[in-house]
Amino acid sequence: MEHVSYKVMDNARLGQVIGLHEKLEWAPVKRFTDLVQHQMLNVSKDHNLALEQLLTHMLLQMENPVTNLKKILDIYHEVLALNQSEADKNLKEKLNIWKENSSLKKICNLLLKK
């Protein structure tokens with residue numbers, strides 16, 4: 001959180017690395033989502049913007065749905081609402097594909113409406 005405050009962290013790059021780890025299932029998604037929800041979400045406006053960038057680049061790394069992807073998308077939806085922004089245009093392509101998955105359909109449609 002300190003690195004975001006001082007703007008010394010590349011959130012896009014960190015998102016790419018975390019996304020690669022999640023895509024290859026090297027790390028549990030639940031641990032990441034718990035950390036985000038309890039310690040990173042809504043700390044400040046700058047932190048929310050940084051979190052949006054991190055989540056966007058993380059999700060862009062994923063080609064196929066991973067276990068607990070719905071939880072990540074729920075958090076992403078919440079962050080977008082807090083930031084009053086919409087899903088990244090490149091991510092919208094993935095959301096259109098992922099919405100074919102019955103468990104992701106509702107959240108993907110919500111994100112596509114933003």
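Residues numbered from 1 in each chain as written. Predicted model: local features only at pLDDT ≥ 70, side-chain atom pairs only at ≥ 80, totals over all residues. Heavy atoms only, no water.

A. View of the overall build of the protein chain. Secondary structure summary: the protein chain contains seven helices and zero strands in total. The secondary structure elements of the protein chain, listed N-terminal to C-terminal, are α-α-α-α-α-α-α. Taking the principal axes of its C-alpha atoms as reference, the protein chain extends roughly 40 × 30 × 25 Å. Long-range contacts, defined as pairs at least 24 residues apart, comprise 69% of the intrachain contacts of the protein chain with a sequence gap of at least 6. Surface summary for the protein chain: the accessible area is close to 6800 Å², and the carbon and sulfur share equals 50%. (Helix = DSSP H or I, 4+ residues; strand = E, 2+ residues; numbered from the N terminus. Contact = heavy atoms within 4.5 Å. Areas by Shrake-Rupley, 256 points an atom, 1.4 Å probe, with all protein chains shown as cover.)

B. Region of the structure containing a nonpolar patch on the surface. Where nonpolar side chains cluster on the molecular surface, the patch consists of L20, L24 and W26 and spans about 320 Å² of accessible area. By secondary structure assignment, the location of W26 is in the loop between α2 (11-23) and α3 (29-40). (Patch = residues over 30% accessible without salt bridge, like charges linked within 9 Å, V, L, I, M, F, W, Y side chains within 5 Å. Salt bridge = Lys/Arg side-chain N within 4 Å of Asp/Glu carboxyl O.)

C. View of the packing of α3 against helix α5 (residues 69-83). Contact pair α3 / α5: the axes reach a minimum separation of 9 Å and the direction vectors enclose 20°. Classified by the angle their axes make, α3 and α5 are roughly parallel. By crossing handedness, the relation of α3 to α5 is classed as left-handed. Counting all contacts with α3, which are made through V29, T33, V36 and Q37, the residues of α5 involved are K71, I72 and I75. Residues belonging to the contact of α3 with α5 are distributed by class as follows: four nonpolar, two polar and one charged. (Axes fitted to C-alpha atoms, helices over the stretch in contact; angles between N-to-C directions. Parallel < 35°, antiparallel > 145°, perpendicular 65-115°, else oblique. Left-handed = near helix turned anticlockwise from the far one by under 90°. Nonpolar A, V, L, I, M, F, W, Y, C, P; charged D, E, K, R; others polar.)

D. Structural context of the nonpolar core. Residues L55, L59, L69, L73 and W98 are the most contacted members of the largest nonpolar core, which totals 27 residues. Mapped by element, the contributors of at least two residues to this core are α3, α4 (45-61), α5, α6 (89-98) and α7 (105-113). In terms of residues, this core owes the most to one element, α5, which gives seven residues. When sequence neighbours within four positions are dropped, the list of residues in contact with L69 reads L59, M62, W98 and L104. (Core = buried A, V, L, I, M, F, W, Y, C linked by side-chain atoms within 4.5 Å. Buried < 20%, exposed > 50% of the residue type's maximum accessible area, 1.4 Å probe, protein only.)

E. Summary view of the confidence of the model for the protein chain. Chain-level pLDDT for the protein chain is 89 on average; 93% of the residues reach the 70-or-more range. Within the protein chain, the lowest mean pLDDT, 64, falls on helix α1 (residues 2-5), and the highest, 96, falls on α5. (pLDDT = per-residue confidence, 0-100.)

F. Structural detail: the pattern of salt bridges. Enumeration according to the criterion identifies four salt bridges in this entry. The partner of K70 in a salt bridge is D74, and the shortest N-O contact between them spans 3.3 Å. You can see K70 and its partner D74 sitting in helix α5, four residues apart, about one turn around the helix. We classify K70 as partly exposed; its relative accessible area is 39%.

G. Quick look at the environment of K71. By the secondary structure assignment, K71 is in helix α5. Given the relative accessible area of 33%, K71 is considered partly exposed. Taking C-alpha positions, K71 is 12 Å from L35, a pair spaced 36 residues apart along the chain. Ignoring sequence-local partners within four residues, the contact set of K71 consists of T33 and Q37.

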